[in-house]
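So the chains spell out like this:
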Amino acid sequence: MIRFFTTALCALFSLVLLAAPQFLDRRLLFEGAESYVFYTQSASSQAEMLFADAQNALSVKRSATHLTGESACFLSAEQAMAQAEKYEAQLLFTQTTGDVTDYYYYSPRLGAGVTLRGKSVNLHISLRGDAGCAGSPIIFGGY
């Protein structure tokens, strides 16, 4: 009986050790935002979106399965643009549609990107007025 419990305890401990690094490494990419969207299942506009406010963003991200991206909205455009500097990103191109200006970047510090205009993009910053959003690899669902 003791051998059974010892074996079961060792197996449980092994599972915890395997799962812990994945759980603990899930930090927010964009700290200090007002709201967050986490993308799962797909790295395209077909992604499932999980919405969170600043208070529950980390727990929502940690509970997401098959995470493929993240975006965050800031009250100031300066906070959104600061994400490019934080990740040492290189500006690839910009695009303006109506009152929204989109900036597309590549950062070696972020994960894989998506191909847009023949370039690998993994940081997207979108500004409207005094506010802005940042997303990786890009912002889905509009801003």
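Scope of this entry: the structure provided in the associated data block. Just so we're clear, the structure is a prediction, and the values are computed from it rather than from any experiment.

1. Description of the packing of aromatic side chains
Within this structure, the stated rule accounts for 4 aromatic pairs. Geometrically, the ring pair formed by Phe 30 and Tyr 87 is edge-to-face, given 6.2 Å between the ring centres and 80 degrees between the ring planes. Taken as a pair, Phe 30 in the loop between helix H1 (2-24) and strand E1 (35-40) and Tyr 87 in the loop between helix H3 (77-86) and strand E4 (90-97) lie far apart in primary sequence, 57 residues in all. Between Tyr 36 and Phe 38, the ring centres sit 6.1 Å apart and the planes meet at 0 degrees, which makes this aromatic pair stacked. Under the relative-accessibility criterion, Phe 38 is labelled buried at 0%.

2. Some words on the state of the cysteines
What the rule picks out here adds up to 1 disulfide. Note that Cys 73 is cross-linked by a disulfide to Cys 133, the S-S spacing being 2.1 Å. Between Cys 73 and Cys 133 the disulfide shows an S-S torsion of about 90 degrees. By sign, it is right-handed. With Cys 73 in strand E3 (residues 67-74) and Cys 133 in strand E9 (residues 131-136), this pair connects stretches of sequence that are 60 residues apart.

3. Structural notes on the pairing of E1
The buried count for E1 comes to 5 of 6 residues, which makes it a mostly enclosed element. One ladder, built from 6 bridges, connects E1 with strand E2 (residues 48-53); its direction is antiparallel. Within E2, the residue paired with Tyr 36 across the bridge is Ala 52. Two strands pair when backbone bridges link them, and E1 and E3 are joined in this way by 6 bridges, in the antiparallel orientation. Counterpart to Tyr 36 in the pairing with E3 is Ala 72.

Reading the values: the criteria
Residue numbers restart at each chain and count upward from 1, following the sequence in its written direction. Residues qualify for local features only when their pLDDT is at least 70, as the model is predicted, and side-chain atom pairs are given and counted only at 80 or more; totals for whole chains, interfaces and linings, by contrast, use all residues. Computation of side-chain values covers all heavy atoms of the structure but excludes hydrogens and water. Only rings of Phe, Tyr and Trp enter the pairing, Trp through its six-membered ring, and a pair is recorded when the two centres are within 6.5 Å. The plane angle decides the type: under 30 degrees is stacked, over 60 is edge-to-face, the rest tilted. Where helices and strands are cited, they refer to DSSP runs of H or I of at least four residues and of E of at least two residues respectively, numbered from the N terminus. Using a 1.4 Å probe on the protein chains alone, a residue whose accessible area is under 20% of its type maximum counts as buried, one over 50% counts as exposed, and one in between counts as partly exposed. In plain terms, two cysteine sulfur atoms within 2.5 Å form what is called a disulfide here. Only strands that DSSP links by at least two bridges are regarded as paired with each other.

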